[in-house]
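Listed here are the chains, written in short residue letters.
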Amino acid sequence: MRTKIKISFVLVLIIAYSCSSDSDELKNDAMGMESLSGLEFTQSERDSALESLARLKAQYDSLRTIQISNDIPLPLYFNPLINGQEIPKGREKYLFQEFPTKRPDNIEDCAFYTIGQLAHLIRTRQISSLELTEMYLSRLERFGPQLECVVTVTKELAIEQAKRADEAIKNGKYLGPLHGIPYGAKDLLAVEGYKTTWGAMTHKDQFIESTATVVKKLEEAGAVLVAKLTLGALAWGDNWYGGKTRNPWNTELGSSGSSAGPGSATSAGLVAFSLGSETWGSIVSPSTVNGVTGLRPTFGTVSKSGAMALSWSMDKIGPMCRSVDDCALVYSIIKGTDGEDHSVVDVPFQVPVKKELKSLRIGFVASAFNDSTTSDNDRIVIDRLRELGFTMVPIELPEFPTNSLSFLLDVEAAAAFDELTRSNRDDQLVRQVKRAWPNVFRSARYVPAVEYVQANRARVLLNQKMSSLFEEIDIYLVPSFYGDNLLRTNLTGHPCIVLPNGFDDKGMPTSISFIGDLYKDGELVAVARSYQRGTGWHKRYPPKFQ
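Residues numbered from 1 in each chain as written. Predicted model: local features only at pLDDT ≥ 70, side-chain atom pairs only at ≥ 80, totals over all residues. Heavy atoms only, no water.

Caption draft 1: Broad picture of the nonpolar core. Counting residues in each nonpolar core, the largest one holds 121 residues, and the members touching the most others are Leu189, Leu234, Phe273, Leu385, Tyr476, Leu477 and Phe514. Counting residues in each nonpolar core, the second largest holds 18 residues, with Leu140, Ala158, Ala227 and Phe545 among its members. (Core = buried A, V, L, I, M, F, W, Y, C linked by side-chain atoms within 4.5 Å. Buried < 20%, exposed > 50% of the residue type's maximum accessible area, 1.4 Å probe, protein only.)

So this is what it looks like as structure tokens:
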């Protein structure tokens, strides 16, 4: 998926200048690098550049004496809006619905209940948060090693939070539907007092003495953190320093990544819900293969403070749950500014009621659904939405060489982990193939700063084209991994809900993706929820873990 990157003749000249006194050899090297870069300078121009290049090299050396940790932000913020667009205004328009439920004879039957069901049981005091928490802790300890999906069970914290939740309810202080609900967080989110490993051997003993904003917000809502869950090392894939996270539908297979642990643990009923993150598919992919529902919110609506930085202009944190309803609830709690992540804006969460839905125009990428590789599971979704009364509009995604921008992620990730490359500690990472972080970090050093800036300017053009598309429709439907859609919408910051839509011929879950307009996450929730409530795919769970 990654394009070949042209080598910067400037950087190579710097290295050559510092290592060789033979000016003729240096000039020949310069000509070769020019050719690779698609440039051609005169000999006089090359001679003139040598002194400046030596000066730049000295500046780089000086810069590298400054300790810049991963939590230091990039002060240039990506804004997905184009000229003329505005952030929606108005009041919140969202109401969570409980699902009246009776306490089961066996509390472990609650393992796969939705938040709506669990919230009713807790609020009506049919079950205590402590009982629920101990049940999930037991499942984490029993099944976590088999699935290799848990980095740390936060038992002491969980018991303390559950007891506090029960005491508050006893005193008439019910905080809302997340009160007392146990959950897990991807281990790139810092929690004070516990390791935050980022899934990497290089950071397996790391303690960050602060807590991520999203975790704080969930705690304030009464939620109970029971585990820190695995991710592929430095947020790539499902291989981490402790093994390979397993898929509960078939434990011979991986859980995909990088939100591998949240996908696996939620699917197997080890937590009621989880927090994942996405830069380029890290919620969509594990949600798909594990058969859970994931929400990747509009970029800049959820704070990344306290989360590992991979790409400042692309990272997003979102919920991975049993249903669209659950995702909407968690998003409603974690969204919003915190005074720390300055890329975040406050946007009202406005979910249309049923009678307002019919006015929404639902597009579907016609070429994708006509493609021979597209499954019947995907095509049936269009028919189902028509049956629900939606106007279905065939569309095509605007033409754009999206893959030519993919190196933006590589460059930002290389900057985020610059020290690993320069110290050669990247050798400690588990994956050492060509398509793995160590090689990507090294390759990214050859991307010219000019090309990085130009690619970001081209990104504005891509957002303009997508804005024009959303003048015709409100939401569009697309097979989850079709074409360049996954990269495209991560670059532009558009929200996505991915949800189960059946199984393949091997008995593995499949998914469909709904893409919404910027900051219109509420419309996306309403349409995806309408579809999901008419199906039962999200209520199917891995047999071995029931």
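Back to the write-up after that little detour.
Caption draft 2: Region of interest: empty space enclosed by the protein. Across all of its chains, the model carries five cavities of 30 Å³ or more by this definition. Here the largest cavity defines a volume of roughly 60 Å³. If you trace the largest cavity, you find it lined by Ala233, Trp236, Asn239, Leu429, Val430, Arg431, Ala436, Trp437 and Pro438. Here the residues of the lining of the largest cavity sort into seven nonpolar, one polar and one charged. (1 Å grid on protein atoms, 1.4 Å probe; cavity = no way out; pocket = protein on both sides within 12 Å on 5 of 7 lines; lining within 4 Å. Points joined across faces, edges and corners; volume = space filled by probe spheres on them. Nonpolar A, V, L, I, M, F, W, Y, C, P; charged D, E, K, R; others polar.)

Caption draft 3: Broad picture of the packing of aromatic side chains. Overall, the coordinates contain 16 aromatic pairs when judged by the stated rule. Taken together, a centroid distance of 5.9 Å and an interplanar angle of 35° make the contact between Phe470 and Tyr476 tilted. Comparing Phe470 with Tyr476 shows no difference in burial state: the two are buried. Here the basic side chain of Arg431 rests over the ring of Trp236, its NZ or CZ set 5.3 Å away from the ring centre. A cation sits over an aromatic face here: Arg459 above Phe78, 3.9 Å from the ring centre. (Phe/Tyr/Trp six-rings, centres within 6.5 Å; stacked < 30°, edge-to-face > 60°. Lys NZ or Arg CZ within 6 Å of the ring centre and 35° of its normal.)

Caption draft 4: Representation of the state of the cysteines in the model. A complete count under the given rule lists zero disulfides for this structure. No disulfide involves Cys321; its sulfur sits 3.8 Å from that of Cys327, the nearest cysteine. Residue classification places Cys321 among the buried positions, given a relative accessible area of 0%. Using a relative accessible area of 2% as the deciding quantity, one classes Cys327 as buried. (Disulfide = S-S within 2.5 Å.)

Caption draft 5: Here's a closer look at the pattern of salt bridges. Per the counting criterion, the structure on display carries 27 salt bridges. Put simply, Glu219 and Arg164 hold a salt bridge, and the shortest N to O gap is 3.4 Å. Residue Glu219 is located in helix H7 (residues 213-220), and its partner Arg164 is located in helix H6 (residues 155-170); the two are separated by 55 residues in the primary sequence. Salt bridges sharing common partners tie together Glu108, Arg139 and Arg142. (Salt bridge = Lys/Arg side-chain N within 4 Å of Asp/Glu carboxyl O. Helix = DSSP H or I, 4+ residues; strand = E, 2+ residues; numbered from the N terminus.)

Caption draft 6: Quick peek at the sheet that holds strand S11 (residues 361-365). If you walk across this open sheet you meet the eleven strands as S1-S3-S2-S8-S10-S9-S14-S15-S13-S11-S12, and the pairing is mixed. Each having just a single partner strand, strand S1 (150-153) and strand S12 (391-395) make up the two edges of the open sheet. Within this sheet the neighbouring strands show an average axis-to-axis angle of 30°, counted without direction. As defined by bridge partners, strand S9 (residues 293-296) adjoins strand S14 (residues 496-503) across three bridges and the pair is classed as antiparallel. Looking at the pairing, Arg296 lines up with Cys496 of S14. Helix H19 (residues 521-533) rests against S9, S11, strand S13 (475-479), S14 and strand S15 (509-516) of the sheet, and its axis sits at about 10° to S14. (Pairing = 2+ DSSP bridges. Axes fitted to C-alpha atoms, helices over the stretch in contact; angles between N-to-C directions. Contact = heavy atoms within 4.5 Å.)

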